[in-house]
Amino acid sequence: MTRTTLRTHRCGALRAADVGQRVRLGGWVHRRRDLGGIVFLDLRDRDGLVQVAVGPGWASPDLVFRAQTVGTEAVVVVEGEVVARPPAMRNSELATGDVEVHATAFQVVGPAETPAIPVARGKGDELPAEELRLKHRHLDLRRPELQANLIMRHRLAQRARRVLSELDFLEIETPILTKPTPEGARDYLVPSRVHPGEFYALPQSPQIYKQLLMVAGFDRYFQLSRCFRDEDLRYDRQPEFTQIDIEASFVTQDDVLAIVEAVLVALWDEAGHRIERPFTRLSWRDAMERYGTDKPDLRYDFEIKDFSRWAKTDGKIVGEAVRQKLEGKDARLRGIVVPGGAAFSRKDIDRLSQEVKQVGGWGPAWVKRQGEQVSGSIAKDADVETLGALGVRDGDLALLTVGADQVTSPALDKVRREVIRRLAPAPKAAHALCWVVDFPLFEPDPETGKPVFAHHPFTSPHPDDMDKLDSDPFACRALHYDAVYNGNELGSGSIRITDPAIQRTVFRHLGLSPAEVDARFGFLLTALAAGAPPHGGFAIGFDRTAMLLVGAGSMRDVIAFPKTTAARALFEGAPAPARPEDLAALHIKVVPPHE
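The residue count restarts for each chain, going from 1 along the sequence in the order it is written. Side-chain atom pairs in this predicted model are given and counted only at pLDDT of 80 or more, local residue features only at pLDDT of at least 70, and totals for whole chains, interfaces and linings cover all residues. Hydrogens and water molecules were not included; the side-chain quantities draw on all heavy atoms of the structure.

One finds Ile244, Leu264, Leu267 and Trp435 to be the most contacted residues of the largest nonpolar core, which totals 44 residues. Between two residues, a contact is recorded if the distance between any of their heavy atoms is within 4.5 Å. Setting aside its immediate chain neighbours within four residues, Trp435 contacts Leu257, Val260, Glu261, Phe279, Thr280, Arg281, Leu282, Tyr481, Asp482, Ala483 and Phe538. We call a set of buried residues a nonpolar core when its members are Ala, Val, Leu, Ile, Met, Phe, Trp, Tyr or Cys and they connect through side-chain atoms within 4.5 Å of each other. Whether a residue is buried, partly exposed or exposed follows from its accessible area with a 1.4 Å probe, protein chains only, as a fraction of its type maximum: under 20%, in between, or over 50%, in that order.

Among the structural elements, Asp543 can be located in helix α16 (residues 542–550). A distance of 2.8 Å separates the side chain of Asp543 from the side chain of Arg153, its partner in a polar contact. Setting aside anything within four residues of it in sequence, one finds Asp543 in contact with Arg153, Phe241, Thr242, Met555, Val558 and Ile559. Helix and strand assignments follow DSSP, with helices taken as H or I runs no shorter than four residues and strands as E runs no shorter than two, numbered in order from the N terminus. Contacts described as polar in this section are N or O atom pairs within 3.5 Å, which, within protein, must combine one atom able to donate a hydrogen with one able to accept it, while residues neighboring in sequence count only if both atoms come from side chains.

This brings us to the environment of Pro86. Here Pro86 is to be found in the loop between β4 (75–84) and β5 (99–110). For the pair Pro86 and Val99, spaced 13 residues apart in sequence, the C-alpha to C-alpha distance is 8.7 Å.

In this section: unusual backbone geometry. Each neighbour pair has its own omega, and for Arg277 with Pro278 the value is 5 degrees, a cis peptide bond. Assignment of secondary structure puts Pro278 in the loop between α6 (253–270) and β11 (280–283).

It is worth spelling out the environment of Gly531 at this point. Residue placement: Gly531 occurs in the loop between α15 (514–529) and β22 (535–541). We classify Gly531 as partly exposed; its relative accessible area is 45%. Each C-alpha atom, one on Gly531 and one on Gly217, is 9.9 Å from the other, the two residues being 314 residues apart in sequence.

What follows concerns the packing of helix α4 (residues 144–166) against α6. It is at 9 Å that the axes of α4 and α6 come closest, and there the two elements cross at 145 degrees. By crossing handedness, the relation of α4 to α6 is classed as right-handed. In this structure, α4 contributes Met152, Arg155, Leu156, Arg159, Ala160, Arg162, Val163 and Leu164 to the contact, and α6 contributes Ile259, Ala262, Val263, Ala266, Leu267, Asp269 and Glu270. The residue inventory of the contact of α4 with α6, partitioned by class, reads ten nonpolar, no polar and five charged. Note on geometry: axes are C-alpha line fits, over the in-contact stretch for helices, and angles between N-to-C directions span 0 to 180 degrees. Here a crossing is taken to be left-handed if its near helix is turned anticlockwise relative to the far helix by less than a right angle, and right-handed if that turn runs clockwise. In this classification, Asp, Glu, Lys and Arg are treated as charged, Ala, Val, Leu, Ile, Met, Phe, Trp, Tyr, Cys and Pro as nonpolar, and every other residue, Gly included, as polar.

Centre distance within 6.5 Å is the pairing criterion for rings of Phe, Tyr and Trp, where only the six-membered ring of Trp is used; planes under 30 degrees apart are then read as stacked, over 60 as edge-to-face, and the remainder as tilted. According to the stated counting rule, one finds nine aromatic pairs in the structure shown. On the basis of an interplanar angle of 10 degrees and a centroid distance of 4.5 Å, the ring pair of Phe507 and Phe521 is categorised as stacked. A residue pair is termed long-range when its members are at least 10 positions apart, and Phe507 in helix α14 (residues 500–509) and Phe521 in helix α15 qualify at 14 residues. This pair shows no difference in class: Phe507 is buried, exactly as Phe521 is. Counting every residue linked through ring pairs, the aromatic cluster contains Phe279, Trp435, Tyr481 and Phe538.

To continue, consider the pairing of strand β2 (residues 38–45). In terms of residue burial, β2 counts as a mostly covered element, since seven of its eight residues are buried. At least two bridges found by DSSP between two strands is the condition for calling them paired. Pairing geometry for strand β1 (residues 22–35) and β2, over seven bridges, is antiparallel. Paired with Arg33 across the bridge in β2 is Phe40. Following β1, the chain reverses through two residues before pairing antiparallel with β2; Gly36 in that reversal takes a positive phi of roughly 60 degrees. Sheet analysis places β2 next to strand β3 (residues 48–54), joined by seven bridges and oriented antiparallel. Pairing of Val39 across the sheet is with Val54, part of β3.

Note on definitions: salt bridges are taken to be side-chain nitrogens of Lys or Arg within 4 Å of carboxyl oxygens of Asp or Glu. Evaluation of the coordinates by the stated rule reveals 47 salt bridges. The partner of Arg143 in a salt bridge is Asp140, with the nearest N and O atoms 2.8 Å apart. Among the residues examined, Asp140 registers a relative accessible area of 1% and is labelled buried. Put simply, Asp348 and Arg422 hold a salt bridge, and the shortest N to O gap is 3.4 Å. Linking Asp348 in helix α10 (residues 346–358) with Arg422 in helix α12 (residues 405–423), this pair joins segments that are 74 residues apart in sequence.

A few words on the sheet that holds strand β14 (residues 365–370). Overall, antiparallel pairing links the five strands, which are arranged β12-β13-β16-β14-β15 in an open sheet. In this open sheet, the two edge strands, each paired with only one partner strand, are β12 (304–306) and β15 (373–376). Recorded for the sheet is a direction-independent mean angle of 25 degrees between the axes of neighbouring strands. Where β14 and β15 come together, four bridges link them in antiparallel fashion. Paired with Gln370 across the two strands is Gln373, which belongs to β15. Along the sheet, helix α7 (residues 284–291) contacts β12 and β13 (332–338); its crossing angle with β12, the most-contacted strand, is approximately 90 degrees. This element, α12, spans β12, β13 and β16 (397–403) of the sheet and lies at about 10 degrees to β13.

Next comes the structure, spelled out in structure tokens:
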């Protein structure tokens, strides 16, 4: 219901069926054109544009004059009759293009200064610099593209709520002022005025609270939760973000995946896309072996292959330098065969080599097959027969690198993505969703080699690997799972630890003493000891999901007031220095960096 005292319809809602009606509209002047005494205004609101005509045949001279002098982006209230446009004057690019409004009353209710950045843009016009747009976000948000994005975001949020409510989940809010927890990034700390020297933390996730809700017997919980992480930013990261947070009791991993699939299918449907369930499942080890990443884009082929056995047997394909590298510990020769890749120029291949070297990889070695001719950096060690046995056919290119998997996997992931970008092959499907499961529970710290949690320390070890928890923790898999869409992680989750003894063992592997465990997590262990049902959950990155569904290039395009990559809010100027009296009340002294 949009009718109010000042407005009967939204601008973008008028259609041919409304011809003959008298309407009142309120909106912003998008464009103004004065054609021979008749003034045409494009009037805009969140529903779209409609053309308003102000002419001597139906409007007073004073009204025409006011229309002639109104500035763009002024807010006006218009009253008039909906009239059909002549066939030659219809605009098929506008939903309202069959009609216009002949204004008989016109009032400027919100005069506007000349906008600092343009809202109306012609075809081919570039946007102003992003920092300028973020500084004038109130104007940038008037752009139809951003308004459409935020409207879709609203629809996605409501659809998620409906689906989860129908699945008997309860929406429960958890605290924003909480205790620091180890979630993999730095916490934002909030000083307490009433408890000098003590601090709250803004939550990186509601992880512990939702587990406590399961212990308390609420059975199925969700919320669209606000989370905060003080970490370096990328195009798809923000210091504060929203996730669709889910937890359920008496579930297995299969149950959680089915719940999340129901939500994701509904979100894609809301955005006008059809996806099928169940999603493909890949183990973490399989994903790393075939694609070099735990976020594989399954729309395309170009799988990674292991070519080590050819190199180690008769020496074909690679030269002495590669064979020497293969003698290193855990080294393998791996690569990608690119059908039609023989068309790549040497310059293209050199660029791919740079991609590999950026992540510490070697090479890549390369070889082309064109008819009976073989060329490339290892051509002298290869022949048509051997290449054919490796699946390198006429017109193909093979790109190979050698080393330990932790080097070759990210290197070949970059090569694969760059090959897809350059070749632009037709995808096998527009929407490729999959689950990656069976992640490692621990991974070695790059500096010390000691175990650190791969995700968070409340993830249950895989039941088949429970005996390895003490004897070989790095070989222990986790009941952890990620949802991946077209090479983007949508979210992650796990089955949780419910046995306090196992939870203490995990904390011990992370280097926490019993005293540290009790001080930081005693409340959780106490709750688990009170009787905890088997439970697990998931968190869907809502901003990223909305970004992907609207086709935006950045999460900033689906957030009303985002931060920059420097974690600054340019519109309101945050963060900003605090007043001395406020710092004194918080018992805080700011020490300059040079002291």
